[in-house]
Amino acid sequence: MDNNKHKLVILVGSVREGRFGPVVASWVAEQAAAHGAFDVDIVDLADTDIPLEFPAASPKYTGDDYPRPAGMAALTSALAGADAFVVVSPEYNHSYPASLKAAIDWHFTQWTAKPVAFVSYGGAAADRHAVLHLENVLTELHAVTIRDGLAFPNYFTAWEDGRPLDPEAPGCAKTLLEQLARWAGALRTAREANPYPA
């Protein structure tokens, strides 16, 4: 890893059969690599068993001692090592997938004082309902949510060969990544200088 770059985790939030999330995540990873400020890692929640039954203790207070399943170690390590996140999510019934909520809830300090941007896809609403819910949840974990996200309505007709047809999409991605890089640098410097008082 280049220490001058920010470690970016692109999180694929859906585990549904036939999901489109990996296609979107791959395109976002291309944009981030071309941007140049990030070392990029795609983390697909479908690769991790994420139980819905939680320990009695809170990850907020137990930190590294939180008793997570052994199969979750790679996910926890990726989240902990990240300087910034892009969450890629569809919309299920006006919110985001249960898999994503569970992955968030199994962690706390891994999100703290780090920036999170959103790339959503769906029908006419392009998953904006889900993003609004995610912003509320991640703010509770002391993450910093980025205002300018990417939303792809009617993705089933708006993408071709793994790329969005909208010619403005790469420019919008650049704006998102510029903001994410700015926050990633500022927050990493702050975390290194002073532990965040969560």
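My aim in this report is to walk through the structure given alongside it, one point at a time. (Residues numbered from 1 in each chain as written. Predicted model: local features only at pLDDT ≥ 70, side-chain atom pairs only at ≥ 80, totals over all residues. Heavy atoms only, no water.)

### A short note on the overall build of the protein chain
Here's step 1: Counting secondary structure elements, the protein chain contains seven helices and eight strands.
Here's step 2: Overall, the protein chain is about 45 × 35 × 25 Å in size when its C-alpha atoms are taken along their principal axes.
Here's step 3: The buried share among the 198 residues of the protein chain stands at 46%.
Here's step 4: Within the protein chain, residue pairs in contact and separated by at least 24 positions form 83% of the contacts whose partners lie at least 6 positions apart.
Here's step 5: Here the protein chain displays about 9,700 Å² of accessible surface, and carbon together with sulfur accounts for 51% of that area.
Here's step 6: Side-chain charges of the protein chain comprise 15 positive and 24 negative groups, with the mean position of each set lying 5 Å from the other. (Helix = DSSP H or I, 4+ residues; strand = E, 2+ residues; numbered from the N terminus. Buried < 20%, exposed > 50% of the residue type's maximum accessible area, 1.4 Å probe, protein only. Contact = heavy atoms within 4.5 Å. Areas by Shrake-Rupley, 256 points an atom, 1.4 Å probe, with all protein chains shown as cover. Lys, Arg positive; Asp, Glu negative; His and termini not counted. Charge placed at Lys NZ, Arg CZ, Asp CG, Glu CD.)

### Let's talk about the packing of helix α1 (residues 21–35) against helix α7 (residues 169–193)
Here's step 1: Contact pair α1 / α7: the axes reach a minimum separation of 10 Å and the direction vectors enclose 60°. The element α1 and its partner α7 pack so that their crossing is right-handed. Together, Trp27, Gln31, Ala32 and His35 of α1 and Ala169, Pro170, Ala173, Leu177, Glu178 and Ala181 of α7 make up the contact between the two elements.
Here's step 2: Classifying every residue of the contact of α1 with α7 by side-chain character gives seven nonpolar, two polar and one charged. (Axes fitted to C-alpha atoms, helices over the stretch in contact; angles between N-to-C directions. Left-handed = near helix turned anticlockwise from the far one by under 90°. Nonpolar A, V, L, I, M, F, W, Y, C, P; charged D, E, K, R; others polar.)

### Let's talk about the packing of aromatic side chains
The way to describe two aromatic rings as a pair is by their centre distance and the angle between their planes.
Here's step 1: The final tally for this structure, using the stated rule, is 11 aromatic pairs.
Here's step 2: Considering the side-chain rings of Tyr155 and Phe156, the 5.2 Å spacing of their centres and the 65° angle between planes classify their relative orientation as edge-to-face.
Here's step 3: Looking at Tyr155, the relative accessible area reads 24%, which means it is partly exposed.
Here's step 4: An aromatic cluster of at least three residues, connected via ring pairs, comprises Phe20, Trp27, Tyr121, Phe152, Tyr155, Phe156 and Trp159. (Phe/Tyr/Trp six-rings, centres within 6.5 Å; stacked < 30°, edge-to-face > 60°.)

### A short note on the pattern of salt bridges
Here's step 1: For the coordinates displayed, the defined rule picks out six salt bridges.
Here's step 2: Close ionic contact of Asp44 with Arg19 constitutes a salt bridge, the shortest N to O distance being 2.8 Å. One end of the pair, Asp44, is in strand β2 (residues 38–44); the other, Arg19, is in the loop between β1 (6–12) and α1, with 25 residues separating them in the sequence.
Here's step 3: Take Asp44: its relative accessible area is 13%, and that puts it in the buried class.
Here's step 4: Residues Glu30 and Arg163 are paired through a salt bridge, measuring 2.9 Å at the closest nitrogen-oxygen approach. Here the residue Glu30 occupies a position in helix α1, and Arg163 occupies one in strand β8 (residues 163–164), the gap between them amounting to 133 residues. (Salt bridge = Lys/Arg side-chain N within 4 Å of Asp/Glu carboxyl O.)

### Considering the nonpolar core
Here's step 1: Counting 30 residues, the largest nonpolar core has Leu75, Leu100, Ile104, Trp111, Val116 and Leu138 as the members making the most contacts within it.
Here's step 2: Of all the secondary structure elements, the ones that give two or more residues to this core are β1, α3 (73–81), β3 (84–89), α4 (98–105), β4 (115–121) and α5 (128–140).
Here's step 3: Residues within four places of Leu100 in sequence aside, it is in contact with Leu11, Gly13, Leu45, Val87, Ser89 and Leu134.
Here's step 4: Within the second largest apolar cluster, 29 residues are counted, among which are Ile10, Ala32, Phe38 and Leu180. (Core = buried A, V, L, I, M, F, W, Y, C linked by side-chain atoms within 4.5 Å.)

### Considering the pairing of β4
Here's step 1: β4 sits mainly inside the fold: seven of its seven residues count as buried.
Here's step 2: By the alternation rule, side chains of β4 split into Pro115, Ala117, Val119 and Tyr121 and Val116, Phe118 and Ser120, which are all buried.
Here's step 3: Bridge analysis of β3 against β4 gives five bridges, and the strand direction is parallel. Note that in β4 the partner of Val87 across the bridge is Phe118.
Here's step 4: A crossover links β3 with its parallel partner β4, the connecting element being α4, and its sense is right-handed.
Here's step 5: For β4 and strand β5 (residues 144–145), the ladder comprises two bridges, and the chain directions are parallel. By the bridge assignment for β5, Pro115 is matched with Val144.
Here's step 6: The pairing of β4 with strand β6 (residues 150–152) spans three bridges and is parallel. Bridging across to β6, Tyr121 finds its partner in Phe152. (Pairing = 2+ DSSP bridges. Right-handed = clockwise from strand over helix to strand, strands pointing away.)

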